[in-house]
Amino acid sequence: MKVDPIKDTTQSTTNDYSVGVDLGGTQIKAGLVLDNGDIIADLTIPSQANDGAEVVARNIAEAIHSLLDEIQATDRNLNSRSNESSNLIGRQEHVLGHLVGIGIGTPGLIIPSQGVVHFSPNFQGWRDIPLVNLVQQQLKPGIANLPIHIENDGNAMAYGELRQGAGIGMNDVVCLTLGTGVGGGIIIDGQIFHGNRYVGAELGHTIIFGDGRQCGCGNYGCLEAYVGGGQIVERTRAKIIKEVRRSPGLENQLRALTPQTIAEAAVDGDPVAIEIFAETARYIGIALTSFAHILNPQMVIIGGGVAAAGEKLLFEPIRVEVQQRAMDTNAESLQIVAAKLGNRAGLVGAAMLAQRQA
Ligand SMILES: [Zn+2]
């Protein structure tokens, strides 16, 4: 398997590092992450989710072994060629400190204190899977005793953004992820908020209209039922087909619409696309107003594919909506910003959790 090249590591303070694993239904992304958040090597392999938890655990262990083999080989190489110039710019001899632990972020109802995946929608048949134990059993003797921390992927992403992304220095943060679904995580006093049965922070199911559109969860009027990727596309199609609205930028590609193509059309001045994003921002602003009143966070960090629509289409109108709706004290100090780590947030967050546990 291919390991991506080593990157600059010069700003780390101790050079201690951990392994971050982002376990999804189709892929395992794994990386070695320094205590400053730099990913010094990473790789992606299939998770083989349908072949059962033991196979997935073995794949995670293999990914970790590959990363460590690569980094050790590079270290040996650097030591033996220390006077030669190297394409591994910025890496020095003995650059790595201690490997302090492993963190795994994955979708579903995760019980971190037990190392258990109680239930995961992305892994068919997974019920009360002791994933931490299964991975430990597959690790080589030298690293089998490392602490492994497991966390819900939305929570891991929020923690990644808090520690190494847009939320550095913050304590109370809500992280909202706008993708196919709408998820997120809540950080209170620098700690992940789990809720009593580990199912808190279901931010996509914040109700914004009591009698609104039906959501995939069965309820009505959830945020996700309006601003999930598929729902943005569906709302756009409805305007063009049912309301017979003219949309020069989109009406010829109705079957190929994505939030990205709609955003591009909005930038080009398409009236339907502009309206769709104005509505999308308004819906998100309504939800954020509730977050501001309930949690009074310092910052809301918004990431995911839909957030790529950017400042003008999304963030500025969201801020206006919150300012108009929220009580002054709740609104005035609230920062609403874009996520910084992109699709690395889960991996980095999982790795940071492992370093916190160490
Ligand atoms: Zn819902």
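Just so we're clear, the structure is a prediction, and the values are computed from it rather than from any experiment.

A. Region of the structure containing helix α7 (residues 271-295). In this model, α7 (25 residues) spans 36 Å end to end at C-alpha, consistent with the 36 Å of a helix rising 1.5 Å per residue. Its side-chain oxygen placed 3.2 Å from the backbone nitrogen of V272, D270 serves as the N-cap of α7. Positive backbone phi, at 45 degrees, marks N296, one or two positions downstream of α7.

B. A look at the coordination of the zinc ion. Distances from the zinc ion to its protein donors, H205 (ND1), C215 (SG), C217 (SG) and C222 (SG), fall within 2.0 to 2.3 Å. Between the 4 donor atoms coordinating the zinc ion, the angles at the centre fall across 103 to 120 degrees, so the site counts as tetrahedral.

C. Looking closely at the pattern of salt bridges. For the coordinates displayed, the defined rule picks out 11 salt bridges. Ionic pairing is found between E275 and K239, a salt bridge with its closest N-O pair at 2.9 Å. Separated by 36 residues along the polypeptide, E275 in helix α7 and K239 in helix α5 (residues 229-241) bring together distant segments of the chain. Residue classification places E275 among the partly exposed residues on the basis of a relative accessible area of 28%. Note that K312 is salt-bridged to E316, the shortest N-O span being 3.5 Å. Note that K312 and E316 are positioned in helix α8 (residues 310-325) at a spacing of 4 residues, about one turn of the helix. Classification of K312 by relative accessible area gives exposed; the value is 66%. A relative accessible area of 33% means that E316 is categorised as partly exposed. What emerges from the salt-bridge pattern is a single network uniting R235, K239, R245, E275 and E279.

D. Expanded view of the sheet that holds strand β4 (residues 99-106). Spatially, β3-β2-β1-β4-β8 is the arrangement adopted by the 5 strands of the open sheet, whose pairing is mixed. Only two strands of the sheet have a single neighbouring strand rather than two, namely β3 (39-46) and β8 (148-152). Across the sheet, the mean angle separating the axes of adjacent strands is 15 degrees when strand polarity is ignored. As paired elements, β4 and β8 share 5 bridges and run parallel to each other. For I102, the partnering residue across the bridge sits in β8 and is I148. Here helix α2 (residues 131-138) sits on the sheet in contact with β1 (17-23), β4 and β8, set at roughly 140 degrees to β8. Across the face of the sheet, helix α3 (residues 153-164) comes into contact with β4 and β8 while running at roughly 105 degrees to β8.

E. Up close: a nonpolar patch on the surface. On the surface, I188, F193, I294 and L295 cluster together to form a nonpolar patch covering roughly 350 Å² of accessible area. Structurally, the position occupied by I188 is in strand β10 (residues 182-188).

F. Structural detail: the nonpolar core. One finds L176, I284, L288, I302 and L314 to be the most contacted residues of the largest nonpolar core, which totals 50 residues. Listed by contribution, the elements that provide at least two residues to this core are β9 (173-178), β10, α4 (224-227), α5, α6 (259-267), α7, β12 (299-303) and α8. For L176, the residues in contact, after removing those within four places along its chain, are V182, G183, G184, L203, L223, I284, L288, F291, I301, I302 and G303. By size, the runner-up hydrophobic cluster in this structure holds 42 residues, among which are L32, L34, I60 and I71.

About the thresholds
- Residues numbered from 1 in each chain as written.
- Predicted model: local features only at pLDDT ≥ 70, side-chain atom pairs only at ≥ 80, totals over all residues.
- Heavy atoms only, no water.
- Helix = DSSP H or I, 4+ residues; strand = E, 2+ residues; numbered from the N terminus.
- Expected span 1.5 Å × (residues − 1).
- Polar contact = N/O pair within 3.5 Å; in protein donor to acceptor, adjacent residues only side chain to side chain.
- Donors = N, O, S within 2.8 Å, 3.2 Å for Na, K, Ca; no water.
- Tetrahedral: all angles 85-135°; square planar, octahedral: opposite > 155°, others 65-115°.
- Salt bridge = Lys/Arg side-chain N within 4 Å of Asp/Glu carboxyl O.
- Buried < 20%, exposed > 50% of the residue type's maximum accessible area, 1.4 Å probe, protein only.
- Pairing = 2+ DSSP bridges.
- Axes fitted to C-alpha atoms, helices over the stretch in contact; angles between N-to-C directions.
- Contact = heavy atoms within 4.5 Å.
- Patch = residues over 30% accessible without salt bridge, like charges linked within 9 Å, V, L, I, M, F, W, Y side chains within 5 Å.
- Areas by Shrake-Rupley, 256 points an atom, 1.4 Å probe, with all protein chains shown as cover.
- Core = buried A, V, L, I, M, F, W, Y, C linked by side-chain atoms within 4.5 Å.

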